[in-house]
Amino acid sequence: MTQATTQNLTEHLRALPGDDVRQILWRFADRYDLQMLVQSARAVARGPVARLVAEGARNTHEWTPGKQALLQSFDESGITAVFMEPSQGGFIEGPKNLALALVAFELAWVDAGAATGSLAGCLALSPIHERGTPEQRDYYMSRCAPAQPGEDRKPWRGAFCLTEPIPYVGVETGMLGGKVRIAEWKDGEEPLLHVEKRGRFITNMGFANFVTAAVESDDPRIKGTCMVILEETDPGLFDRGTPTRKLVHQLSSTRDPAFNLKVPASRIVGGYTVKDGVIVPRYNHGEIIEAVFRRTRVTVGIMTSAKLLSAVEPVIRYGRGRFRGGSVSNPGSPRYDLGLQLKQDVVHRLVDVWATGEASASLGFEAARLFDRLDPLERQKNEIMAQRGITGGTAMLKAMRQVQKEAVATLSGAGGAACPDVLVSFALLDSQANVLCPACKLWNTGHGARMMREAVSLMGGYGITEDCPGFLGHKWMDAQLEATYEGPEAVQRRQLSVTMTDELFLAQFKQWIREMRLIANDRPGTGACALATAMQMWLWTLTHLLKSTDADGAKLYQSARQGVTFPLADALCWLLSARCQILDVLELEKHGPANPTVAEGLPGLLAFLTDLCHVQSARSAGEVGRVCAELVFGYNRHPAWDTEGCSACYRADELEGMESLIPGISSLARGYTDVIESDGSHPAKAGPCVRFDGLDQFSRLRVRMDGCLTGSQLAKDRAAEALTKVMIPEALDYPA
Ligand SMILES: Cc1cc2nc3c(=O)[nH]c(=O)nc-3n(C[C@H](O)[C@H](O)[C@H](O)COP(=O)(O)OP(=O)(O)OC[C@H]3O[C@@H](n4cnc5c(N)ncnc54)[C@H](O)[C@@H]3O)c2cc1C
């Protein structure tokens with residue numbers, strides 16, 4: 001630890017982190033447009049949204065005039081137009097993932113239903129934005145943009161309709177009940193389609209003017225599946241259906257609609273070609289929803305982060321004021337001033353809530369920024385590929401596999417891409433995005449919901465009433481919806497179990513381990529050491545499970561074995577979020593001094609946030625250790641070390657490959673009689689082959705990791721003490 005940091009640890013946190021601090025942590029200090037957007041969104045959240053909640057608007061799932069009025073507030077404040085290009089009525093140039101994430105954060109700070117209502121409009125437009133034809137994009141985006149001064153029109157609202165009544169689409173998005181047929185196809189004219197689709201739980205359905213719906217062909221003259229755009233004025237039935245009797249997110253409109261409409265074939269998202277008399281949609285519905293969800297899920301993850309961080313101030317205020325009555329509590333006495341904060345458990349638990357909020361926000365905003373970097377690269381990649389005559393499908397996959405190999409070679413320093421850097425850069429970021437997006441959706445919402453319960457519990461009985469300051473009870477329940485819609489946790493775990501084994505991702509993950517080791521050298525107070533060792537342990541466990549079998553000889557790492565793949569996916573999320581948290585604090589350390597507002601009180605703030613990192617890294621290491629130990633040992637039958645079967649023996653060259661991961665493994669393994677020849681045969685030797693499955697290495701890593709936890713509880717004590725001293729405003733700034 002640097003000398004300066006040691007001195008800083010004696011300073012306490014003065015105030016809760018303000019906007020200037022957040023702008024540095026989440027890297028938008030140089031984006032004035034985003035800073036203004038945050039202020040506008042906050043005014044809506046803490047004004048009309050907070051008032052609606054306080055008035056009890058959440059007590060009904062009906063779409064009321066008060067809720068409808070929110071849409072106008074979104075339009076007037078610029079929230080609606082964030083999604084659009086300047087040429088379509090928007091005001092933000094370039095990628096908008098971070099912008100949307102910041103809006104979601106501000107709205108969800110007060111009410112995630114309001115955030116969802118605003119984002120559902122973007123979700124409806126997303127299929128058109130990501131895969132629509134230029135004409136479709138211009139037509140729908142400009143109609144959804146709020147009216148400009150002098151214009152007299154109402155903006156269109158949209159809904160995204162994938163989920164269908166049981167037993168059709170839910171988690172399994174391929175089980176489409178919605179159908180599309182050819183209604184009429186006159187020679188030389190555009191075909192007319194007949195679309196039948198029923199939806200379940202469709203957001204914005206109370207007022208949507210158009211719907212992007214997933215359907216499957218029920219006609220030999222249409223190929224496969226697609227998404228189609230349905231408008232409320234199309235001939236036929238556009239039935240909004242009954243409102244969903246939700247327990248959560250009551251400021252958004254959700255219904256079960258039914259559609260039976262005739263629409264021109266030009267409404268197929270992305271267009272189509274005609275081949276041998278058959279309409280071939282350019283994109284099937286799976287390709288479109290994948291492109292959509294990989295971006296929109298990040299914003300959902302951010303919503304739960306906002307709730308956790310928004311809980312800090314109300315919980316502190318409640319705790320401090322709790323014992324101000326009675327004769328034993330005099331002003332100036334610790335009992336009067338600190339109230340419940342005198343009890344260690346209360347402040348320790350709040351430290352955990354806060355640390356989780358920081359880590360999840362760090363992960364979410366990193367994912368949003370990553371997509372901002374990825375979007376232009378993806379466009380360039382598509383252009384380069386199109387010049388080579390590759391536009392998608394298996395040809396694109398094949399071409400990208402080659403690029404990925406070059407990217408791995410580039411990372412390992414073994415030469416690499418002679419072709420444009422754009423492709424390699426895209427491949428690197430894409431493999432990260434494929435992990436960060438599901439990780440953020442999964443961990444922020446799933447673990448976040450658990451931690452919201454902790455926050456609620458710290459408010460006692462108030463926590464589960466409508467009167468709870470900060471609406472914490474509502475937020476707890478709402479978090480469960482965030483964990484469910486746009487794909488529940490099982491969907492994210494399933495995706496992670498594939499993307500986290502990608503060679504290119506793992507190559508970068510190894511670099512991240514080295515990065516954490518370097519940070520640990522200079523700043524052990526961050527907990528980077530424990531985190532690096534936990535990352536090593538996770539990687540070791542994945543490598544082990546990928547090649548191991550259980551006691552009955554069945555392969556361990558395979559898609560059907562969710563008992564193996566899912567916990568490992570969960571464990572990875574802990575690591576990724578703690579890593580992002582540490583990197584954000586380093587960013588603040590670097591740039592904070594240059595900002596006069598931040599510089600004042602920076603040492604205390606940095607010391608506190610560093611302690612939160614330590615707490616979170618230690619907690620993550622503990623979680624990873626538990627998951628990995630269960631998986632590594634749990635599939636052996638006791639006694640584990642049988643003398644038959646050599647499926648887990650290592651070849652000498654494999655061991656050398658693992659040396660970078662676990663220094664000393666090859667020399668240790670060679671002490672056993674289990675290193676087999678490169679052709680898989682066993683060297684001639686006396687006695688039976690002793691099964692070697694590296695368990696000793698695992699145990700050594702565990703012991704090392706336990707040692708890395710040194711100081712983490714002291715960090716928690718310090719952070720808890722800081723919570724008893726930090727200044728908070730007299731009253732919550734919402735509802736007005
Ligand atoms: C308020 C609200 C708003 C919504 N808004 C929209 C919207 O605007 N548009 C839209 O299209 N949809 C919307 N949805 C639907 C939402 O996306 C789905 O509810 C969600 O994707 C889950 O589908 P399901 O309810 O059919 O669950 P199911 O598919 O029945 O799954 C239930 C549970 O079973 C388990 N499970 C299922 N499959 C697997 C598997 N393969 N592996 C392991 N476990 C599995 C998981 O634990 C899962 O959570 C909304 C839902 C709600 C509640």
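Residues numbered from 1 in each chain as written. Predicted model: local features only at pLDDT ≥ 70, side-chain atom pairs only at ≥ 80, totals over all residues. Heavy atoms only, no water.

Trainee: Would you take a moment to explain the overall build of the chain for this structure?
Mentor: Within the chain, the secondary structure is distributed over 23 helices and 12 strands. Restricting to contacts in the chain with at least 6 residues of sequence separation, those with at least 24 account for 75%. Surface exposure of the chain reaches about 30100 Å², of which carbon and sulfur atoms provide 53%. (Helix = DSSP H or I, 4+ residues; strand = E, 2+ residues; numbered from the N terminus. Contact = heavy atoms within 4.5 Å. Areas by Shrake-Rupley, 256 points an atom, 1.4 Å probe, with all protein chains shown as cover.)

Trainee: Please clarify how the environment of F608 should be interpreted in this entry.
Mentor: Relative to the helices and strands, F608 is located in helix α19 (residues 602-634). Among the residues examined, F608 registers a relative accessible area of 2% and is labelled buried. In this structure, the C-alpha to C-alpha distance between F608 and E721, residues 113 residues apart in sequence, is 9.8 Å. Look past the residues within four positions of F608 in its chain and what remains in contact with it is L13, W354, A719, A722 and L723. (Buried < 20%, exposed > 50% of the residue type's maximum accessible area, 1.4 Å probe, protein only.)

Trainee: Is there a simple way to think about the environment of G622 in this case?
Mentor: Relative to the elements of secondary structure, G622 occurs in helix α19. In this structure the C-alpha to C-alpha distance between G622 and L531, which are 91 residues apart in sequence, comes to 9.7 Å.

Trainee: Help me understand the site of the ligand in this model?
Mentor: Not every one of the 22 residues close to the ligand is listed here, only the nearest: F160, T163, R200, F201 and T203. F160 has a polar backbone atom sitting 2.8 Å from a nitrogen atom of the ligand. Within the contact set of the ligand, a nitrogen atom lies 3.1 Å away from a side-chain nitrogen or oxygen of R494. Going through the elements one at a time, β1 (158-161), β4 (202-203), α13 (472-484) and α14 (489-499) are the ones with two or more residues in the shell around the ligand. Residues belonging to the shell around the ligand are distributed by class as follows: 10 nonpolar, seven polar and five charged. (Near = heavy atom within 4 Å. Polar contact = N/O pair within 3.5 Å; in protein donor to acceptor, adjacent residues only side chain to side chain. Nonpolar A, V, L, I, M, F, W, Y, C, P; charged D, E, K, R; others polar.)

Trainee: I would appreciate a short explanation of the side chain of D584 in the present structure.
Mentor: By the element assignment, D584 lies in helix α17 (residues 562-591). With sequence-adjacent residues up to four places away left out, D584 is seen in contact with L25, W26, R27, S362 and R369.

Trainee: Where do I start with the pattern of salt bridges in this structure?
Mentor: Here the idea is simple: oppositely charged side chains can pair when their charged atoms come close. In the structure shown here, the tally under the stated rule is 46 salt bridges. With a closest N to O distance of 3.9 Å, R14 and E600 form a salt bridge. Taken as a pair, R14 in the loop between α1 (3-8) and α2 (19-25) and E600 in the loop between α18 (596-599) and α19 lie far apart in primary sequence, 586 residues in all. Taking the relative accessible area as the measure of exposure, R14 reaches 43% and is therefore partly exposed. (Salt bridge = Lys/Arg side-chain N within 4 Å of Asp/Glu carboxyl O.)

Trainee: How should I be thinking about the confidence of the model for the chain in this particular structure?
Mentor: Caution applies to low-pLDDT parts of the model: their predicted coordinates are not meant to be read in detail. With 90% of its residues at a pLDDT of 70 or more, the chain has an overall mean of 91. Throughout residues 670-675 the model reports pLDDT below 50, and contacts reaching past four residues in sequence, or to other chains, amount to 20 contacts. This model gives residues 684-692 a pLDDT under 50, and the stretch forms 24 contacts once residues within four places in sequence are excluded. (pLDDT = per-residue confidence, 0-100.)

Trainee: Before we go on, may I ask you to explain the packing of aromatic side chains in this structure?
Mentor: The way to describe two aromatic rings as a pair is by their centre distance and the angle between their planes. Scanning all chains against the criterion turns up 22 aromatic pairs. An aromatic cluster is built from W26, F105, W109 and F365, whose rings are joined through pairwise contacts. Sitting above the plane of the W512 ring, R579 keeps its charged end 3.9 Å from the centroid. (Phe/Tyr/Trp six-rings, centres within 6.5 Å; stacked < 30°, edge-to-face > 60°. Lys NZ or Arg CZ within 6 Å of the ring centre and 35° of its normal.)

Trainee: I would appreciate a short explanation of helix α5 (residues 97-110) in the present structure.
Mentor: Note that an α-helix has 3.6 residues per turn; residues three or four places apart therefore point the same way. Across its 14 residues, α5 extends 21 Å between first and last C-alpha, which sits within 8% of the 20 Å expected from 1.5 Å per residue. Within α5, 14 of the 14 residues are buried, which leaves it mostly tucked inside the rest of the structure. (Expected span 1.5 Å × (residues − 1).)

Trainee: Even after reading the chapter, I still don't get unusual backbone geometry, so can you show me in this structure?
Mentor: The phi angle of most residues is negative, glycine excepted, and most peptide bonds adopt the trans form. Cis geometry is adopted by the peptide bond preceding P167, which originates at I166 and carries an omega value of 20°. Its location among the elements puts P167 in the loop between β1 and β2 (179-184). Even without being glycine, F201 reaches a positive phi, approximately 60°. At D276, a position not held by glycine, the phi torsion is positive, near 50°. By the element assignment, D276 lies in the loop between β9 (272-275) and β10 (278-281). The exposure class assigned to D276 is exposed, which follows from its relative accessible area of 78%.

Trainee: I tried to follow the side chain of E623 on my own but got confused; where do I start?
Mentor: Position of E623 relative to the elements: it lies in helix α19. Judged by relative accessible area, which is 16%, E623 ranks as buried. A polar atom in the side chain of E623 sits 2.7 Å from the side chain of R626.

Trainee: Help me understand the nonpolar core in this model?
Mentor: Generally speaking, nonpolar side chains in soluble globular proteins are found buried as a group. Within the largest apolar cluster, 199 residues are counted, with the highest numbers of intra-cluster contacts made by F509, W538 and L588. If we skip the residues at most four places from it in the chain, W538 touches M500, L506, F509, L568, A571, L572, L575, V624 and C628. (Core = buried A, V, L, I, M, F, W, Y, C linked by side-chain atoms within 4.5 Å.)

Trainee: How do you make sense of the packing of helix α11 (residues 393-412) against helix α15 (residues 503-522) when you look at a structure like this?
Mentor: When two helices pack together, their arrangement is captured by the angle between the axes and the distance separating the axes. Packing of α11 against α15 brings their axes to within 9 Å, and their N-to-C directions diverge by 15°. Taken together, the axes of α11 and α15 are roughly parallel relative to one another. For the crossing formed where α11 meets α15, the hand is left-handed. Of the residues in α15, those touching α11 at Q404, A407, V408 and L411 are E503, L504, A507, Q508 and Q511. Broken down by class, the residue content of the contact of α11 with α15 amounts to five nonpolar, three polar and one charged. (Axes fitted to C-alpha atoms, helices over the stretch in contact; angles between N-to-C directions. Parallel < 35°, antiparallel > 145°, perpendicular 65-115°, else oblique. Left-handed = near helix turned anticlockwise from the far one by under 90°.)

Trainee: Before we go on, may I ask you to explain the pairing of strand β3 (residues 192-198) in this structure?
Mentor: If a strand is regular, its side chains alternate between the two faces of the sheet. Bridge count between β2 and β3: five bridges; the pairing is antiparallel. For R181, the partnering residue across the bridge sits in β3 and is H194. With seven bridges joining them, β3 and strand β8 (residues 254-264) adopt antiparallel strand pairing. Bridging across to β8, R198 finds its partner in A258. (Pairing = 2+ DSSP bridges.)

Trainee: Please explain the pairing of β1 as it appears in this structure.
Mentor: Residue alternation in β1 divides its side chains into two sets, G158 and F160 and A159 and C161, and both sets are buried. The pairing of β1 with strand β5 (residues 210-217) spans four bridges and is classified as parallel. In the strand pairing of β5, C161 is matched with A213.

Trainee: Would you take a moment to explain the packing of α5 against helix α10 (residues 344-387) for this structure?
Mentor: As a packed pair, α5 and α10 sit with axes 7 Å apart at the nearest point and diverge in direction by 155°. When the axis of α5 is compared with that of α10, the two are roughly antiparallel. Residues N97, L98, A101, L102 and F105 of α5 lie in contact with α10, whose contacting residues are F365, A368, R369, F371, D372 and D375. Across the contact of α5 with α10, the residue classes break down as seven nonpolar, one polar and three charged.

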